[in-house]
Amino acid sequence: MNPHRLQDRIDSLASSLDASQQARLDAHRHTAEDCRTRIGDLRTELRRALSGLDGPRTALEVMCELDALERVQQRIDSRLSDLCDELSGGAPVVRYGDAAPL
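Each chain has its residues counted from 1, following the order in which its sequence is written. Only residues with pLDDT of at least 70 are given local features in this predicted model, and only at 80 or more are side-chain atom pairs given and counted; all residues enter the totals for whole chains, interfaces and linings. By convention in this description, side-chain values take in all heavy atoms of the structure and omit both hydrogens and water.

Asker: Let's hear about the packing of helix α1 (residues 3-13) against helix α2 (residues 19-50): which residues, and what values?
Answerer: Between N-to-C directions, angles span 0 to 180 degrees; the directions come from axes that are lines fitted to C-alpha atoms, helices contributing only their stretch in contact. Numbering of helices and strands runs from the N terminus, with a helix taken as a DSSP run of H or I at least four residues long and a strand as a DSSP run of E at least two residues long. The geometry of α1 relative to α2 is characterised by a closest axis approach of 12 Å and an angle of 165 degrees between their N-to-C directions. In terms of axis orientation, α1 runs roughly antiparallel to α2. At the point where α1 passes α2, the crossing takes the left-handed sense. Seen from α1, the contacting residues are Pro3, Leu6, Gln7, Ile10 and Leu13; seen from α2, they are Leu25, Arg29 and Arg36. Classifying every residue of the contact of α1 with α2 gives 5 nonpolar, 1 polar and 2 charged. In this scheme, roughly parallel covers angles under 35 degrees and roughly antiparallel covers those over 145, while 65 to 115 is roughly perpendicular and the rest are oblique. Two helices crossing with the near one rotated counterclockwise from the far one by less than a right angle form a left-handed crossing, whereas a clockwise rotation gives a right-handed crossing. Whether two residues are in contact is decided by their heavy atoms, any of which lying within 4.5 Å being enough. The nonpolar class holds Ala, Val, Leu, Ile, Met, Phe, Trp, Tyr, Cys and Pro. Asp, Glu, Lys and Arg form the charged class, and all remaining residues, Gly among them, are polar.

Asker: If you had to explain the nonpolar core to someone new, which residues and values would you point to?
Answerer: In terms of nonpolar packing, the biggest core is built from 19 residues, with Leu13, Leu25, Leu80, Cys84 and Leu87 touching the most fellow members. At the level of secondary structure, the elements contributing two or more residues to this core comprise α1, α2 and α3 (59-88). Top element by residues in this core is α3. It accounts for 9 residues. Beyond its immediate sequence surroundings of up to four residues, Leu25 is in contact with Ile10, Leu13, Leu17, Leu80, Leu83, Cys84 and Leu87. Buried Ala, Val, Leu, Ile, Met, Phe, Trp, Tyr and Cys residues form a nonpolar core when they are joined through side-chain atoms within 4.5 Å. Think of it in three bands: residues with accessible area under 20% of the maximum for their type are buried, residues over 50% are exposed, and the middle band is partly exposed, with areas taken using a 1.4 Å probe on protein chains only.

Asker: I'd like a description of the pattern of salt bridges, backed by residues and values.
Answerer: Any carboxyl oxygen of Asp or Glu that lies within 4 Å of a side-chain nitrogen of Lys or Arg is treated as forming a salt bridge with it. In total, this model carries 10 salt bridges according to the counting rule given. Salt-bridge contacts for Glu70 lead to Arg43; the nearest nitrogen and oxygen are separated by 2.8 Å. Taken together, the positions of Glu70 in helix α3 and Arg43 in helix α2 put the pair 27 residues apart, joining distant regions of the chain. Its relative accessible area of 30% is what places Glu70 among the partly exposed residues. We classify Arg43 as partly exposed; its relative accessible area is 41%. Here the residues in one salt-bridge network are Arg38, Glu45, Arg57 and Glu65, joined through shared partners.

Here is the structure:
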């Protein structure tokens, strides 16, 4: 899901949450941000490995971790989106593959 769209949804909830709800939302958001940061780091490492520069790991090792994290990121974003739906009290938004609501 587009991280800016997720952030807009999070921002729309901020004033209406109690402390435990805010803690849940923050934990989900931090997890999503950490995963995106790690994906960015791996993409840089992969570019270095594929350019022939020496590194501690092979390009294949980096690609495998990157692939796994990119799939996990989708799940994290989905869980964060579901939590936003739950905390807003609104009907869940139906999404199809491209993360765009219909």
